[in-house]
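# Coordinate inspection notes
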Amino acid sequence: MTTEEEISIRPDLAENLQRTWANLARPGAKWTGAQRLAIAAEARRARDRALPGSDLPGPATEASRLLAVNPAAARRSWVEALVAAGLDHESYVELLGVVGRLVAVDTFYEALGLPPRPLPAPVAGEPSGEISAQARPGRGWVPMVGGTSITQALSLIPSENAELARFHGPMYLTFEEMSDPTIAKGLTRPQMEVVASRTSALNECFY
Amino acid sequence: MLSWSSKINQIPINVRAITDSSIDPVIPGGVALLRFVDAVLARSAVDISAAVTVVMAELGQAGLVDAAAVIGNFQMMNRVADGTGMPVGAGSRRRHADLIDQLGLDRFDHTDEA
């Protein structure tokens, strides 16, 4: 197995991974740091085909596992059932952000032949309760700010939406850079899009 | 994004390669990148190792790291889109109707299903 020292990772990307990992451990808007790490660990267990093993409420365990391994199976009725079972939209959106970044980072490490990054220790503290007052129901399954759009997908929880945007830039392109078809990093833009498109096709993601 | 960026960069590409593994996407390193994505999503350590060697040889370490990062990012974005029922707008559907049809992408659209 390769080690992290053997691979030259761009400084902005390395910093992004470090910051994201620290963010997972801190209290969010609805979940404590320990609960966010439990969500991440549950997502990891699901990907490793291990049985559930957290103290999370049942709907949170179910959501963490399905979103980690088979997001294309998500349906509006499934989200509505989670909400009816006690996982409110706000908690669901934050959980989705945590699972998304956990899977992203784990995939990155695995792709480079690196061992999975150990989850950090939780940071003590209570959830902030910061929820957007501007979010409204729309065509998507959860309320969003300013209409239904991928850049606003997690805007019900402003801190999660901001974290998604921060993570997105070093991993791929910032939302602003995306309008530049000639931008290049280690790959040309068309090469990046081949990778992105194939990933989305294998995940059966229409969007 | 794929057909748009390849057109602007005047890099020919066969977009059908995205959903058909028997087709060469034509762009430099394209086959190596597709094999790499396949191996990573399948989580096959043996296939990943083999694909890494080819991507390194064709695109260098910077290319390899960026490819891994892009895969990771879209693992996240696919989950966010699917988990929030993100619809594709009518305008975007119209603009990309040929591509959606060519690649059979409609089969992935579950946003209107209960």
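Bear in mind that the values here come from a model prediction, so they are computed numbers and not experimental data.

What follows is about the overall build of chain B. Summing up its helical and strand segments, chain B has five helices and zero strands in all. Going residue by residue from the N terminus, the α and β elements of chain B occur as α-α-α-α-α. Oriented by its inertia axes, the alpha-carbon framework of chain B measures out at about 45 × 30 × 25 Å. Counting all 114 residues of chain B, 49% fall into the buried class. Pairs at least 24 residues apart make up 37% of the contacts formed inside chain B by residues separated by at least 6 positions. Accessible surface for chain B amounts to roughly 5200 Å². Of this, 54% is attributable to carbon and sulfur atoms. Separation between the mean location of the 9 positive side-chain charges and that of the 13 negative ones in chain B comes to 4 Å.

In this fold, Met 144 of chain A is placed in the loop between helix H5 (89-111) and helix H6 (158-171). Relative accessible area serves as the criterion here: at 2%, Met 144 of chain A is assigned to the buried category. For the pair formed by Met 144 of chain A and Glu 204 of chain A, sequence separation is 60 residues and the distance between their alpha carbons is 24 Å. In this view, Met 144 of chain A contacts Gln 134, Ala 135, Arg 136, Ser 149, Gln 152, Ala 153 and Ser 155 of chain A together with Thr 84 and Met 86 of chain B; residues no more than four positions away in its chain are not counted.

All names here are of chain A. When the domains of chain A are assigned, the result is domain 1 (4-129 + 167-171) and domain 2 (177-207). In this assembly, five residues from domain 1 lie in contact with five residues from domain 2. Summed over both partners, the interface of domain 1 with domain 2 buries about 310 Å², with 54% contributed by carbon and sulfur atoms. Here domain 1 and domain 2 share zero salt bridges between them.

Turning next to the packing of aromatic side chains. In this description, an aromatic ring pair is defined by two values, namely the gap between the centres and the angle between the planes. Residue and element names in this part refer to chain A. Enumeration according to the criterion identifies three aromatic pairs over all chains in this entry. Geometrically, the ring pair formed by Trp 78 and Tyr 92 is edge-to-face, given 6.2 Å between the ring centres and 75° between the ring planes. Here Trp 78 is found in helix H4 (residues 76-84), whereas its partner Tyr 92 is found in helix H5, with 14 residues between them in sequence. Each member of the pair, Trp 78 as well as Tyr 92, is classed as buried. Judged by centre distance (5.9 Å) and plane angle (75°), the rings of Phe 108 and Tyr 109 are edge-to-face. In this structure, Phe 108 and Tyr 109 share a single accessibility class: buried.

Rules used in this analysis
Every residue gets a number counted from 1 within its own chain, in the order that chain's sequence is written. Chains and ligands are labelled by the order in which they are written, letters from A for the one and numbers from 1 for the other. The model is predicted, so local features are restricted to residues of pLDDT at least 70 and side-chain atom pairs to those at 80 or more, both for listing and for counting; the totals for chains, interfaces and linings are taken over all residues. Just so you know, side-chain values use all the structure's heavy atoms and leave hydrogens and water out. What counts as a helix is a DSSP run of H or I of at least four residues, what counts as a strand is a run of E of at least two, and both are numbered from the N terminus. Classification of residues uses two cut-offs on accessible area relative to the type maximum, computed with a 1.4 Å probe and protein chains only: under 20% is buried, over 50% is exposed, and between them is partly exposed. Whether two residues touch is decided by their heavy atoms; if any such pair falls within 4.5 Å, the residues are in contact. Note on areas: these come from Shrake-Rupley sampling with a 1.4 Å probe, and a residue is covered only by the protein chains present in the view. In this tally, Asp and Glu contribute negative charge and Lys and Arg positive charge; neither His nor the terminal groups of the chain are included. Here the site of a charge means NZ on Lys, CZ on Arg, CG on Asp, or CD on Glu. Note that the domain bounds were set by an automatic or database domain assignment. Simply put, the buried area is the total loss of 1.4 Å probe accessible area from both parts when two parts are fitted together. Definition used for salt bridges: Asp or Glu carboxyl oxygen within 4 Å of a side-chain nitrogen of Lys or Arg. Each aromatic pair joins two rings of Phe, Tyr and Trp (for Trp, the six-membered one) with centres within 6.5 Å, and gets the label stacked for planes under 30 degrees apart, edge-to-face for over 60, and tilted for any other angle.

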